[in-house]
Amino acid sequence: MTQVQLAGTGMTTFGSHPDRTGRDMFADAGLAALEDAGVPAGDVDELFYGNFVGTLSEGQGHQGPLMAEALGTTVPSRRIESACASSGLAVHDAVRAIRSGESDVVVAGGMERMTNMGTAGATKGLASAADDLYEVRSGVTFPGAYALMARAYFDEYGGTHEDLAHIAVKNHDNALANDHAHLQQEITVADALDAPEIASPFTLYDACPISDGAAAIVLTTPEYAAEHDLEADVAITGAGHGGDTMALHDRQSLSKTPATRDAAVDAYDDAGIEPSDISVAEVHDCFTIAEVLALEGLGLYSHGEAIGAARRGETRRDGELPVNLSGGLKAKGHPVGATGAAQVAAIATLLDGTHPRADAVDDATVGVAQNAGGTVASATVHVLEVME
Amino acid sequence: MTDVTNGEYDAFLEALAAGEGYYRSCENGHGLLPPRRACPHCGDRNLTERDLPSAGEIVTHTTVSVPTPQFEDDAPYVTAVVDFGGVRLTGVVRGIDQTAVEIGDRVTATVESNETDGERTIVFRPAE
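Here the structure is a predicted model, which is why all the values come from computation and not from measurement.

A.B. asks: Mind showing me how you'd approach the overall build of chain B here?
C.D. replies: Tallying secondary structure elements over chain B gives one helix and eight strands in all. For chain B, the N- to C-terminal ordering of α and β elements is α-β-β-β-β-β-β-β-β. Taking 14 Å as the expected radius of gyration for a compact globule of 128 residues, we find that chain B reaches 15 Å, a close match to that expectation. Counting only C-alpha atoms, chain B reaches 40 × 35 × 25 Å along its principal axes. The burial tally for chain B puts 34% of its 128 residues in the buried class. Counted over contacts in chain B with a minimum sequence separation of 6, partners at least 24 positions apart contribute 50%.

A.B. asks: Any chance you could explain the sheet that holds strand S3 (residues 77–80) of chain A here in plain terms?
C.D. replies: Think of a sheet as strands paired side by side through backbone hydrogen bonds, with each pair either parallel or antiparallel. All names here are of chain A. Pairing within the open sheet is mixed, and its nine strands lie in the order S3-S2-S4-S7-S1-S8-S11-S10-S9. Looking at strand neighbours, the two that pair on one side only are S3 and strand S9 (280–282), the edges of this open sheet. Averaged over all neighbouring strand pairs, the angle between strand axes comes to 25 degrees, with direction disregarded. As paired elements, strand S10 (residues 366–373) and strand S11 (residues 378–386) share eight bridges and run antiparallel to each other. Bridge assignment links Ala-372 to a residue of S11, and that residue is Ala-379.

A.B. asks: Is there a simple way to think about the UniProt feature "domain: ChsH2 C-terminal OB-fold" (unreviewed entry) in chain B in this case?
C.D. replies: Here, the residues flagged by UniProt with the feature "domain: ChsH2 C-terminal OB-fold" (unreviewed entry) are residues 50–111 of chain B. The span residues 50–111 of chain B carries 0% helix and 48% strand; its end-to-end C-alpha distance comes to 19 Å.

A.B. asks: It is not clear to me how the interface of chain B and chain A should be interpreted in this structure. Could you clarify?
C.D. replies: By a widely used convention, the size of an interface equals the accessible area lost when the partners come together. Contacts between the two partners involve 28 residues from chain B and, on the opposite side, 30 residues from chain A. Contributing elements (two or more residues each) for the side of chain B that touches chain A: strand S4 (56–64), strand S5 (77–83), strand S6 (88–93) and strand S8 (120–126) of chain B. The greatest single-element share of the side of chain B that touches chain A, amounting to six residues, is contributed by S4(B). By residue class, the composition of the side of chain B that touches chain A is 15 nonpolar, 11 polar and two charged.

A.B. asks: What is the right way to look at the domain arrangement of chain A in this model?
C.D. replies: Residue and element names in this part refer to chain A. Partitioning chain A into domains gives domain 1 (4–117 + 211–235) and domain 2 (129–208 + 242–381). The C-alpha centroid of domain 2 is placed 23 Å from the C-alpha centroid of domain 1. With 35 residues of domain 1 at the interface, the matching set in domain 2 holds 30 residues. When contributions to the side of domain 1 that touches domain 2 are tallied by element, the ones reaching two or more residues are strand S1 (4–11), helix H4 (86–99), strand S4 (105–112) and strand S7 (213–220). Here the side of domain 1 that touches domain 2 takes seven residues from H4, the largest share from any one element.

A.B. asks: Would you mind going over the packing of helix H1 (residues 22–37) of chain A against helix H3 (residues 63–70) of chain A with me for this structure?
C.D. replies: When two helices pack together, their arrangement is given by the angle between the helix axes and the distance between those axes. Residue and element names in this part refer to chain A. One can describe the packing of H1 onto H3 by two numbers: an axis separation of 8 Å at closest approach and a directional angle of 50 degrees. Here H1 is positioned oblique relative to H3, judged by the angle of their axes. Between H1 and H3 lies a crossing of right-handed hand. Where H1 approaches H3, its residues Arg-23, Phe-26, Ala-27 and Gly-30 are matched on the opposing element by Leu-66, Met-67 and Ala-70. Grouping the amino acids of the contact of H1 with H3 by side-chain chemistry returns five nonpolar, one polar and one charged.

Parameters at a glance
- Residues numbered from 1 in each chain as written.
- Chains lettered and ligands numbered in written order.
- Predicted model: local features only at pLDDT ≥ 70, side-chain atom pairs only at ≥ 80, totals over all residues.
- Helix = DSSP H or I, 4+ residues; strand = E, 2+ residues; numbered from the N terminus.
- Rg over C-alpha atoms; globule rule 2.2 N^0.38 Å.
- Buried ≥ 20, exposed ≤ 12 C-beta atoms within 10 Å, placed from the backbone.
- Contact = placed C-beta atoms within 7 Å.
- Pairing = 2+ DSSP bridges.
- Axes fitted to C-alpha atoms, helices over the stretch in contact; angles between N-to-C directions.
- UniProt positions renumbered as here; feature names shortened; annotations may be inferred.
- Nonpolar A, V, L, I, M, F, W, Y, C, P; charged D, E, K, R; others polar.
- Domains from an automatic or database assignment.
- Parallel < 35°, antiparallel > 145°, perpendicular 65-115°, else oblique.
- Left-handed = near helix turned anticlockwise from the far one by under 90°.

Now the structure itself:
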């Protein structure tokens, strides 16, 4: 199987950019990734582009060709939509394109423009990742859905809102060094617990912000990288994609995420690694409980154990397994369609030493990125490794 | 209220409102809400219609303070997942003090209008 070299990464600052068009943000990230890779647009064979609510926020369908144009090419492209896992899936499918031998150079990435929709509009847009008939019409919001999972988790395994607050504090702290982050604001456990409630047990600080932004990566074959003398020290060695029912009530368990587990099993098998080989992770913490569910789904913790990981310090910057050194969705921000690609870019730069938090993991050779759609009805997992 | 209908979902709400709620069950006992032609858990297509039990138990709940626009005037409200033994439903809890809702509470399912735009909503009320 062809190895997949990660040759370049690029992203916009995540944040509130209501006046920036999607095509401009994706051009910013995509051209930066091509420049970082040292690859001309003319060598790109395909674009895999993730986006969730672009038809609502910009009234713009058929975004694939539009975004390819923004990079200076008219190569084949497609817009991939899997809610918050849209660009994780774009990376996944881009990996398959390289492995199949169909393409030598691909761009994978994503963009979301959300703040122009206002809080109510964005809340409605995000809720569309749940089952419209049987969940949204029954009052489920996106924070509400994860709050239902959090309460079920507490009931099954124990845990408190204070445990979740430690996750928010950790991820906010990690983002302080990340100039691409939406929120560079130190918070305390008391701040998180005392913030206004959005969906019990969650307060404002359990939730990621509504963000605008774009991210992109450039993947190539080893032959292309060697021929063009690219600096591509990191490879994507494992890729997995899992699924589950849309509605929470149709699942066997409300406190487990089998889509992440299935994606992880495939990705680890692909890469020939075990969870114990992983030294750094970027996981989908759209809400604090989601980091817990992700770490357990990834097999990095047993069920019921990850809830205390941040409080105990294990997943902090100086812990055994730093998680979300970028700040995570929680503080780096969550421009939905850009998130999965941004996570892979974060792991790549943490491994190659160019991320502002790379010194926390200077010996790391294996990292993992987990991206989830909706309440994890879809999930992707990618294993990245430093190649000798 | 909109004039657009959603086939079997609307038929299900009408039955639930009349106290004649139902669900579908596959041969492996997976409970499903209409419309379903195949079980997502096992692929079975031999689905049997069964009566929804009159009461179920809350398995998880949340009080939503930041709603979608369609529940703007309802907030804060409680949304819960209720296990009816064989099938689970999601709906809005009414008739119990919001701070007193607990996992394990016994409730019945019905259909009522939401306060924002009058749309029909699955509602749980305390069982007798």
